[in-house]
Amino acid sequence: MVKILEIFSEVFENKLGKLPCYNTIENWMKKLGLSVYENDRTPCKGGKYAVVVDESIFVNSEKLLLLLGIPANHTGSPVKHEDVTVVGMQVGSSFCGDDVEKAIDDSAQKAGSAPEYVISDQAHNLTSGIAKSGALHHIDISHAMGTIFKKSYGKQADFLAFTQLLGDVRLQYHLTDKAYLLPPNMRTIARFMNISSWVDWGMHILAAHGILPDDKREAYNFVPENRELIEELAVCVDAVRYVETVCKTRGFSVTIYQECRKYIIKNVICNANNRRAMFGIRMLNYLEGEYALLEDDEQYDNISSDIIESDFGIYKGKKSPNKLYGITPFVLMIPLYPKLVTKDVTDKFNFKDRLVNVKLKDIKTWATKNMSTNWVTERTKTFKNVG
C-alpha cells in the first residue's frame with residue numbers, strides 16, 4: 001500500500017501531502033477489523049446460518065480457533081469470502097472439547113441464534129465439542145475423503161512401496177536432466193487429501209512412457225511396473241473428484257446423495273477388487289451419515305470447510321514471517337477480509353465512521369484480553385534492560 005501511494009504521489013507531483021507509513025496502514029486495518037468483529041456478529045443478515053470451525057496449525061506455540069458463519073442453505077456455488085462472517089476467534093496453546101463447545105455457544109449467543117449445523121474435520125476435540133454443543137455435525141467432505149484413502153491404502157504394502165519409490169526418485173533425480181519428469185512433492189501434512197496430484201502424474205507417465213528417450217524411460221520404469229495400483233487409485237481419485245465437485249457446487253441434498261451413490265456403485269464398487277470395493281463402501285458410509293442429517297427433500301446443506309482453509313492460508317501469507325510473534329492483533333484482518341474482497345461489498349462499508357469510532361487503545365484492550373504475551377516484545381524489553 002505504501003508503494004502504491006508513493007506512485008500516486010509522484011504522478012500528482014507530490015500534491016497528496018504526507019503519506020501514511022506501514023504502521024499507520026496496519027493500525028487502520030486493525031481498527032476496521034476490530035469494528036467488524038465486535039459489531040458485525042450476525043451472519044447472513046439474520047437468516048439461517050451454519051458455522052465452520054477449525055483450529056490453525058501452531059504459530060510459535062499458539063493456535064487460532066476460528067468460527068465462521070456461512071449461509072445454511074447452499075447458494076448454488078461454493079462458499080465465497082463475501083458470504084462469511086467471523087463469529088468467533090480464540091487464541092491458545094490447545095483447545096479441548098469443552099473449549100470448542102463454549103466457543104460455539106458463545107458465538108451463538110452473540111449472533112442472536114444457534115446455527116443450523118456445524119461443519120468441521122474429524123479432529124477429536126472438534127468432534128467432541130460439537131457433540132457437546134448439541135449441534136448437528138456435517139463432516140467436511142475433503143477431510144472425509146482423505147481419511148477414506150488413508151484407511152483403504154495407508155497400510156497396503158504395494159502403496160507404501162510405491163510412495164517410497166516416489167520419494168527416492170525425487171531425491172535421486174532432482175538435479176539431473178530427468179528432473180522435468182519428477183512427480184509432485186507428497187505433502188507431509190494432509191498427504192491423503194492431496195493424493196490426486198501424484199496419481200495424475202502416474203497416469204501421465206504411463207501414457208508417455210513409450211515415447212520417452214531410452215535413459216528417461218529406464219529411469220521411470222517403476223511406474224508401468226506399478227500400473228495396476230496407479231489405475232486402481234485413478235478410479236478412486238475420479239470418484240472423489242466427482243463427489244466433491246457435485247457436493248461443493250450444488251450443495252448436499254437427497255437428490256445429490258442419490259446421484260453420488262449411483263456413481264460410486266457403478267464406477268467404484270462394480271467389478272472391483274476387494275480393496276477398491278471397500279473404498280467405495282466407505283464413501284457410501286460417509287454419504288449415508290451426511291444424508292441422515294437432512295430433514296427434508298428441499299434441504300441443500302454446505303458440507304465443505306474449504307473457506308476456513310482459505311482464511312488460514314490468507315492470514316498465513318500476510319502475517320509476519322517471524323515465528324517469535326505468534327498470533328498477534330494482526331489476526332483482526334480475518335474478520336475484515338470479507339468486507340474488502342469485492343467492490344459490491346466494499347461500496348456498502350463505511351470506512352470513515354468505523355475508523356473514527358475505534359481507538360488504538362481499544363485494540364490494545366482487546367489484545368490484552370484475547371492475546372498472549374508477544375515474545376518479540378519480551379525479547380526487546382530484555383535486551384533493552386541489559387543495555
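1. What to know about the overall build of the protein
Point 1. Along the backbone of the protein there are 17 helices and five strands.
Point 2. Across the 387 residues that make up the protein, the buried fraction comes to 45%.
Point 3. Considering only intrachain contacts with a sequence separation of at least 6, the fraction spanning at least 24 residues in the protein is 68%.
Point 4. Accessible surface computed for the protein: about 20900 Å², of which carbon and sulfur atoms make up 53%.
Point 5. The average position of the 48 basic charges and that of the 48 acidic charges among the side chains of the protein differ by 6 Å.

2. Some points on the nonpolar core
Point 1. Residues F149, W198, Y220, L233, F279 and M283 are the most contacted members of the largest nonpolar core, which totals 51 residues.
Point 2. With eleven residues, the top contributor of residues to this core is helix α9 (residues 227–250).
Point 3. Residues L32, I70, V86 and W366 belong to the second largest nonpolar core, which totals 37 residues.

3. Considering the packing of aromatic side chains
Point 1. Taken as a whole and assessed by the stated rule, the structure comprises 16 aromatic pairs.
Point 2. A ring pair is formed by F162 and F222, whose centres lie 5.9 Å apart and whose planes are at 45°; its orientation type is tilted. Taken together, the positions of F162 in helix α6 (residues 157–173) and F222 in the loop between α8 (214–219) and α9 put the pair 60 residues apart, joining distant regions of the chain.
Point 3. A relative accessible area of 0% means that F162 is categorised as buried.
Point 4. For F222, a relative accessible area of 8% gives the class buried.
Point 5. Geometrically, the ring pair formed by F349 and F351 is edge-to-face, given 4.7 Å between the ring centres and 80° between the ring planes.
Point 6. The rings of F149, Y153, F159, F162, Y173, F192, W198, W201, Y220, F222 and F279 are connected pair by pair, giving a single aromatic cluster.
Point 7. Just above the ring of Y37 sits the side chain of R41; from NZ or CZ to the centre is 3.8 Å.

4. Concerning a nonpolar patch on the surface
Point 1. Together, M1, I4, I7, F8, V11, F12 and L16 make up an exposed nonpolar region whose accessible area comes to about 730 Å².
Point 2. Within the fold, I4 resides in helix α1 (residues 2–11).
Point 3. You can call I4 partly exposed: its relative accessible area is 44%.

5. Regarding the side chain of D140
Point 1. The residue D140 is located in the loop between β5 (137–139) and α5 (141–153) in this model.
Point 2. One buried charge, D140, has no salt-bridge partner; the nearest side chain with opposite charge is K248, at 5.9 Å.
Point 3. A distance of 2.5 Å separates polar atoms of two side chains, one belonging to D140 and the other to H143.
Point 4. Here the side chain of D140 touches S305 through a polar contact of 2.7 Å, landing on its backbone nitrogen.
Point 5. Excluding residues that lie within four positions of it along the chain, D140 makes contacts with I119, S120, D121, Y286, I303, S304, S305 and D306.

6. Focus on the packing of helix α7 (residues 195–208) against α9
Point 1. Look at α7 against α9: their axes get within 9 Å of each other, and the N-to-C directions meet at 130°. In terms of orientation, α7 and α9 fall into the oblique class. Viewed along their axes, α7 and α9 form a crossing whose handedness is left-handed. Across from I195, S196, W198, V199, D200, G202, M203 and L206 in α7, the residues of α9 making contact are R227, I230, E231, L233, A234, V237 and R241.

7. Here we look at the environment of I119
Point 1. Relative to the assigned elements, I119 resides in strand β4 (residues 118–120).
Point 2. Sequence separation between I119 and I139 is 20 residues; the distance between their C-alpha atoms is 5.7 Å.
Point 3. Those residues within four positions of I119 in sequence are excluded, and the remaining contacts are V51, V52, V53, I70, H138, D140, N302, I303, S304 and S305.

8. Comments concerning the sheet that holds β5
What holds strands together in a sheet is hydrogen bonding between their backbones, with the strands either parallel or antiparallel.
Point 1. The strand order across the open sheet formed by five strands is β3-β2-β1-β4-β5, and the pairing between neighbours is mixed. Each edge of the sheet is formed by a strand with only one pairing partner; in this case those strands are β3 (85–92) and β5. On average, each strand axis in the sheet is tilted by 20° relative to the strand beside it, whichever way the strands run.
Point 2. The sheet contact formed by strand β1 (residues 49–55) and strand β2 (residues 63–71) spans seven bridges and is antiparallel. Residue V51 lies in a different strand from β2, and its bridge partner there is G69.

9. Some thoughts on helix α16 (residues 360–370)
Point 1. Along α16, the residues classified as buried are I363, W366 and A367. Taken end-on, α16 shows its buried residues confined to a sector of 100°, consistent with a single buried face. Facing away from the buried side of α16, by more than 90 degrees, are the exposed residues K361, K364, T365, T368 and K369.
Point 2. Looking at the buried residues of α16, the elements they touch are α2 (22–39) and β3.

10. Section: a negative patch on the surface
Point 1. Taken together, the side chains of E116, E295, D296, D297 and E298 define an acidic patch exposed on the protein surface.
Point 2. As for its position among the elements, D296 is in the loop between α11 (274–291) and α12 (306–318).

11. Some remarks on the pattern of salt bridges
Pairing between side chains of opposite charge can happen when their charged atoms approach one another.
Point 1. In this structure the tally under the stated criterion is 20 salt bridges.
Point 2. D177 serves as the salt-bridge partner of K216, at 3.6 Å between the closest nitrogen and oxygen. On the criterion of sequence distance, the pair formed by K216 in helix α8 and D177 in the loop between α6 and α7 is long-range, its members being 39 residues apart.
Point 3. Take D177: its relative accessible area is 48%, and that puts it in the partly exposed class.

About the thresholds
Residues numbered from 1 in each chain as written. Predicted model: local features only at pLDDT ≥ 70, side-chain atom pairs only at ≥ 80, totals over all residues. Heavy atoms only, no water. Helix = DSSP H or I, 4+ residues; strand = E, 2+ residues; numbered from the N terminus. Buried < 20%, exposed > 50% of the residue type's maximum accessible area, 1.4 Å probe, protein only. Contact = heavy atoms within 4.5 Å. Areas by Shrake-Rupley, 256 points an atom, 1.4 Å probe, with all protein chains shown as cover. Lys, Arg positive; Asp, Glu negative; His and termini not counted. Charge placed at Lys NZ, Arg CZ, Asp CG, Glu CD. Core = buried A, V, L, I, M, F, W, Y, C linked by side-chain atoms within 4.5 Å. Phe/Tyr/Trp six-rings, centres within 6.5 Å; stacked < 30°, edge-to-face > 60°. Lys NZ or Arg CZ within 6 Å of the ring centre and 35° of its normal. Patch = residues over 30% accessible without salt bridge, like charges linked within 9 Å, V, L, I, M, F, W, Y side chains within 5 Å. Salt bridge = Lys/Arg side-chain N within 4 Å of Asp/Glu carboxyl O. Polar contact = N/O pair within 3.5 Å; in protein donor to acceptor, adjacent residues only side chain to side chain. Axes fitted to C-alpha atoms, helices over the stretch in contact; angles between N-to-C directions. Parallel < 35°, antiparallel > 145°, perpendicular 65-115°, else oblique. Left-handed = near helix turned anticlockwise from the far one by under 90°. Pairing = 2+ DSSP bridges. Arc of directions from axis to C-beta.

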